[in-house]
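Residues per chain are reported as follows:
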Amino acid sequence: MPKTLTTAPARANPQMVAEVAAGLAAPQKELPPKYFYDHRGSVLFEEITRLPEYYLTRAERALLQRWMPRLVPALGSRSLVELGAGSAEKSRIILDAMRAAGTAELYVPIDVSAAFLRETAERLRREYPGLTVTPAVADIAEELNLPRGLHSPALFAFLGSTIGNFYPPAAIRLLTRVRGAMRPGDRFLMGADLRKDVAVIEAAYNDARGVTAAFNRNMLRVLNHELDADFDPDAFEHRAFYEPESHRIEMHLVASRAQVVDLPGIGAVRFAPGESIRTEISSKYDVPSVAALFAAAGLKLESWKTDPEHRFALVVGAPV
Ligand code: SAH
Ligand code: AVI
């Protein structure tokens, strides 16, 4: 008997339905990584940042601690606009430098994870009494949703190497959008995870405690909740591996057995044993690849700072 197509739940976001339908119909099934980040996913990501294997956050924090007390007063930044702000844990280093310079006026954290963003904004308002905190919920692949009247000069920050989670054309569109919002004295500060020993990178995405696996499977729980889908997250294995030709980690969820998943409004999706859904790419960079991304977006690479082990870079871009 043909399966009837049940309708998507009324609360389902039509864009999500369209993206999930298209992604699961592709020969290599794929889902956008923004769907990791419901409140639980954001908390799991915070746990990842504290894992011994996940060197990225520690390396970037040390770079911020070293360079922000010099960069921020030199720029005189009065606004901080942050893409994919999350908990804004490292952003405090920038805000502290702004406060020390007497220029901490406006902070605009932008994130797709609405509930988590609200908590971040409330915490920062308590911690920085004189600072105006204006959070913006947005999918940065589509828009920045910036408030009017940013105080100039502004520092636009995109930390954590989250740029690497966007395919190159989308990364260029995103940076072009940031460039379009920048005025002459503004700067763009970006964290970039660097190409290095593959074993070090792969360990960061295959931690011993299985937190990254739980983060990866969380996407299926998000689909179950948002779309009334009936994924069994335990029937999918976490896999993360480095693709040397494209210089990126790929995260997949691999079906451990044949299964059919029902997604109301989309239909039945079949999985053969061993078939995977690609849930994330995480590109790794070097100077030429960042310079090329910047150039394509109308930015010039003004400064490049790395840690002593050359694991991570903090990059400053200026409008061309
Ligand atoms: N900047 C923080 C958090 C990085 S985790 C750090 O460096 O530790 C990535 C963050 O980007 C999450 O908070 C997630 O919700 C957000 N994010 C992911 N995709 C996004 C998108 N398309 N639009 C807006 N925010 C996004
Ligand atoms: C948010 N982003 C930069 C992380 C990364 O490393 O690509 C997400 C992540 N995925 C697995 N672990 C962490």
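Above this text sits the structure in question.
The notes below deal with the structure included here. (Residues numbered from 1 in each chain as written. Chains lettered and ligands numbered in written order. Predicted model: local features only at pLDDT ≥ 70, side-chain atom pairs only at ≥ 80, totals over all residues. Heavy atoms only, no water.)

1. Some remarks on the site of ligand 2
Heads up, the rule is: We call a residue near a molecule or strand as soon as one heavy atom of that residue lies within 4 Å of the molecule or strand. Between N or O atoms, a polar contact is any pair within 3.5 Å; within protein, one atom must be a potential hydrogen donor and the other a potential acceptor, and residues adjacent in sequence are included only when both atoms are from side chains. Accessible surface area values rest on a Shrake-Rupley calculation with a 1.4 Å probe, where residue burial reflects the displayed protein chains alone.
Every one of the 14 residues lining ligand 2 counts as a neighbour, but Tyr-54, Asn-165, Tyr-205, Glu-280 and Ser-282 are closest to it. Contact distances for ligand 2 include 2.5 Å between an oxygen atom and a side-chain N or O atom of Tyr-54. Ser-282 has a polar side-chain atom sitting 2.7 Å from an oxygen atom of ligand 2. Against a free-state accessible area of 340 Å², the protein chains account for coverage of 98% of ligand 2.

2. Quick word on the pairing of strand β11 (residues 267-271)
Rule in force here: Two strands make a pair as long as DSSP finds a minimum of two bridges between them. To qualify as a helix, a DSSP run of H or I must reach at least 4 residues; to qualify as a strand, a run of E must reach at least 2; elements of each kind are numbered from the N terminus.
The sheet contact formed by strand β10 (residues 259-263) and β11 spans five bridges and is antiparallel. Across the sheet, the residue bridging to Asp-262 is Ala-268, located in β11. What sits between the antiparallel neighbours β10 and β11 is a turn of three residues, in which Gly-265 has the positive phi angle 90°.

3. Observations concerning the side chain of Asp-307
Basically, it comes down to this: Buried residues are those whose accessible area, probed at 1.4 Å on protein chains only, stays under 20% of the maximum for their type, while exposed residues exceed 50% and partly exposed ones sit between those limits. His is not counted, nor are the chain ends; Lys and Arg add positive charge and Asp and Glu add negative charge. Salt-bridge detection follows one rule: a side-chain nitrogen of Lys or Arg within 4 Å of a carboxyl oxygen of Asp or Glu. For this analysis, residues touch if any pair of their heavy atoms sits within 4.5 Å.
When you line up the elements, Asp-307 lands in the loop between β13 (299-306) and β14 (312-319). Lacking a salt bridge, the buried Asp-307 has Arg-311 as its closest oppositely charged neighbour, with an N-O distance of 5.4 Å. A polar side-chain atom of Asp-307 sits 2.8 Å from the main-chain amide nitrogen of Phe-312. Each residue touching Asp-307, except ones within four places of it in the same chain, is listed here: Ala-59, Leu-63 and Phe-312.

4. Brief notes about the environment of Leu-301
Looking at where Leu-301 falls in the secondary structure, it is placed in strand β13. For the pair Leu-301 and Gly-191, spaced 110 residues apart in sequence, the C-alpha separation works out to 13 Å.

5. Some thoughts on the pattern of salt bridges
One pass over the full model with this rule turns up 18 salt bridges. Notably, a salt bridge pairs Arg-11 with Asp-228, separated by 3.2 Å at the nearest N-O pair. Of this pair, Arg-11 sits in the segment before α1 (14-25) while Asp-228 sits in the loop between α8 (211-227) and β8 (236-243), placing them 217 residues apart in sequence. Assessed through its relative accessible area of 42%, Asp-228 is described here as partly exposed. For Glu-47, the salt bridge is made with Arg-209, and the minimal N-O distance between the two is 2.8 Å.

6. Topic: the site of ligand 1
As a structural note, the neighbourhood of ligand 1 is formed by 18 residues, with Gly-84, Lys-90, Asp-111, Asp-139 and Ile-140 the closest of them. Gly-84 places a polar main-chain atom, nitrogen or oxygen, 2.8 Å from a nitrogen atom of ligand 1. Side-chain polar atom of Asp-111 to an oxygen atom of ligand 1: 2.5 Å apart, as the coordinates give it. Within the complex, the protein chains bury 94% of what would otherwise be the 560 Å² of accessible surface of ligand 1.

7. Topic: the pairing of strand β12 (residues 276-283)
Counting buried residues along β12, eight of its eight residues qualify, which places the element largely inside the surrounding structure. As judged from the two bridges shared by strand β1 (residues 29-30) and β12, these two strands associate in the parallel manner. The partner of Lys-29 across the bridge, within β12, is Ile-277. Strand direction decides the pairing type here: strand β9 (residues 248-255) and β12, joined by seven bridges, are antiparallel. Note on β12: the bridge partner recorded for Glu-250 is Ile-281.

8. Brief notes about helix α9 (residues 287-296)
We count it as follows: Arc definition: directions from the helix axis to the C-beta atoms.
Within the span of α9, buried status applies to Ser-289, Val-290, Leu-293 and Phe-294. Along α9, the residues classed as buried sweep out an arc of 135° about the axis, all on the same side. Of the exposed residues in α9, those oriented more than 90 degrees away from the buried face are Pro-288 and Ala-295. Of the residues flanking the end of α9, it is Gly-298, one or two places downstream, whose phi is positive at about 80°.

9. Describing the sheet that holds β12
Strands sit in the order β1-β12-β9-β8 across an open sheet of four strands; the sheet is mixed. Both edges of this open sheet fall to β1 and β8, since each of them pairs with a single strand only. Inspection of the sheet shows β8 paired to β9 by eight bridges, in the antiparallel sense. Its bridge partner lying in β9, Glu-243 is registered against Arg-248.

10. Section: the packing of aromatic side chains
Short version of the rule: Two rings from Phe, Tyr or Trp (for Trp, the six-membered ring) form a pair when their centres are within 6.5 Å of each other. A pair whose planes differ by under 30 degrees is stacked, one over 60 is edge-to-face, and the rest are tilted.
For the coordinates displayed, the defined rule picks out twelve aromatic pairs. Plain terms: the ring middles of Phe-45 and Tyr-54 are 6.3 Å apart, the flat faces sit at 85° to each other, and that makes the pair edge-to-face. The exposure class of Phe-45 is partly exposed, given its relative accessible area of 24%. Residue Tyr-54 is classed as buried on the basis of its relative accessible area of 6%. Measuring from centroid to centroid gives 6.3 Å for Phe-45 and Phe-215, while their planes differ by 50°, and the two rings are tilted. Of this pair, Phe-45 sits in helix α2 (residues 39-49) while Phe-215 is found in helix α8, placing the two residues 170 residues apart along the sequence.

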